[in-house]
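Chain residues, written in single-letter form:
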Amino acid sequence: MFNVLGAYSWVNIRFLLEGAWVTVIVSVLSIILSYIFGLILGVIRYVQIKYVSAVVGFVIDIIRNLPLILIIFFTYFGLPQIGFKPAPIWASVIAMAIFESAMVAEIVRAGIVSIPTGQMEGARANGLSYWQALRFIILPQAVKNMIPAIVSQFISLVKDTSLATIIVLPDLMNHAQIIYGQNTNYTIPMFLALAVMYFIVCYSLSLLSEYLDHRMGQSNSKKAKQAEEVAESAER
């Protein structure tokens, strides 16, 4: 049997919310870092800088094919061996950022490759340098194409934070385990609470993705319309 009323007492709910807050902090920090580094690594891999791009691609392929839990173990138990001992929350952020940066880098590279080569050629023909064309013409279009895949990856990241329970990260999963560890009658109610809380966070990210996609679509339509008006004016 399970005790719903006892499981959802204010003390337990507050304890779960404290864990959820840690999950959100780890997720947000990991998302920000992995997006920044993933974008940089993806561009480096795309532009084919001699030797550098090959090395970056090799490292990305290694990380993408490692289990996340192994990277978490390495950051928490391996880094202290070289004199750096991060707290569980920072070990989790570092591990998540490393793993997700590799995933995002591949999404970025694929997103840039999906843009027709004529875009780059047209930008260069209009006097832009290679890097200016990449920054102002190619990347803005690629980012729009990448939004669904990147958000999907970040949703996975939020759920993957539960793996950090293994290094005693005081997150949502860890706090739920503590609660039903004290009373096994709370096991099913805790699992239900976990499902609801993870759903709220992940579904919010999905809605944000749809909003950004819609806004960027409107922005691109406006720019296209302005470009047509300029072209018409020039013809007159």
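The shown structure was predicted, so the numbers you read here are calculated from the model rather than taken from an experiment.

Parameters and conventions
Residues numbered from 1 in each chain as written. Predicted model: local features only at pLDDT ≥ 70, side-chain atom pairs only at ≥ 80, totals over all residues. Heavy atoms only, no water. 1 Å grid on protein atoms, 1.4 Å probe; cavity = no way out; pocket = protein on both sides within 12 Å on 5 of 7 lines; lining within 4 Å. Points joined across faces, edges and corners; volume = space filled by probe spheres on them. Helix = DSSP H or I, 4+ residues; strand = E, 2+ residues; numbered from the N terminus. Nonpolar A, V, L, I, M, F, W, Y, C, P; charged D, E, K, R; others polar. Core = buried A, V, L, I, M, F, W, Y, C linked by side-chain atoms within 4.5 Å. Buried < 20%, exposed > 50% of the residue type's maximum accessible area, 1.4 Å probe, protein only. pLDDT = per-residue confidence, 0-100. Contact = heavy atoms within 4.5 Å. Phe/Tyr/Trp six-rings, centres within 6.5 Å; stacked < 30°, edge-to-face > 60°. Arc of directions from axis to C-beta.

The next thing to look at is the layout of surface pockets. By volume, the largest pocket is sized at about 360 Å³. Together, 18 residues line the largest pocket, and I31, V151, F154, L205 and L208 are the ones closest to its centre. Among the secondary structure elements, those contributing two or more residues to the lining of the largest pocket are α2 (10-47), α7 (130-160) and α9 (187-235). Ranked by residues supplied to the lining of the largest pocket, first place goes to α9 with seven residues. A breakdown of the residues in the lining of the largest pocket according to their chemical character gives 15 nonpolar, three polar and no charged.

Here we come to the nonpolar core. Grouped together as the largest cluster of nonpolar side chains are 38 residues, with contacts concentrated most on I112 and L134. Contributions of two or more residues to this core are made by α2, α3 (52-64), α4 (68-78), α5 (88-113), α6 (117-125) and α7. Ranked by the residues each element gives to this core, the list is headed by α5, at twelve residues. A7, A20, I147 and L205 belong to the second-largest nonpolar core, a separate cluster that totals 20 residues.

Once that is clear, we can look at the confidence of the model for the chain. Averaged over all residues, the pLDDT of the chain is 85; the fraction at 70 or higher stands at 90%. Per-element averaging of pLDDT across the chain places α9 at the bottom with 71 and α5 at the top with 94. Long-range and interchain partners of residues 226-235, a stretch whose pLDDT sits below 50, account for zero contacts in this model, where long-range means more than four residues apart.

On inspection of all chains with the given rule, the structure shows five aromatic pairs. Ring centres 4.9 Å apart and planes at 80° place the aromatic pair Y76 and F77 in the edge-to-face group. Taking relative accessible area as the criterion, Y76 reaches 24% and is therefore assigned partly exposed. For F77, a relative accessible area of 45% gives the class partly exposed. Taken together, a centroid distance of 5.7 Å and an interplanar angle of 90° make the contact between Y130 and W131 edge-to-face. Feature note: the residues F73, Y76 and F77 constitute an aromatic cluster, connected by ring pairs.

Turning our attention to α4. Residues of α4 that are buried include every one of L68, I71, I72 and T75, and no others. When α4 is viewed along its axis, its buried side chains cluster within an angular range of 105° and face the same direction. Elements that come into contact with the buried residues of α4 comprise α3, α5 and α7.

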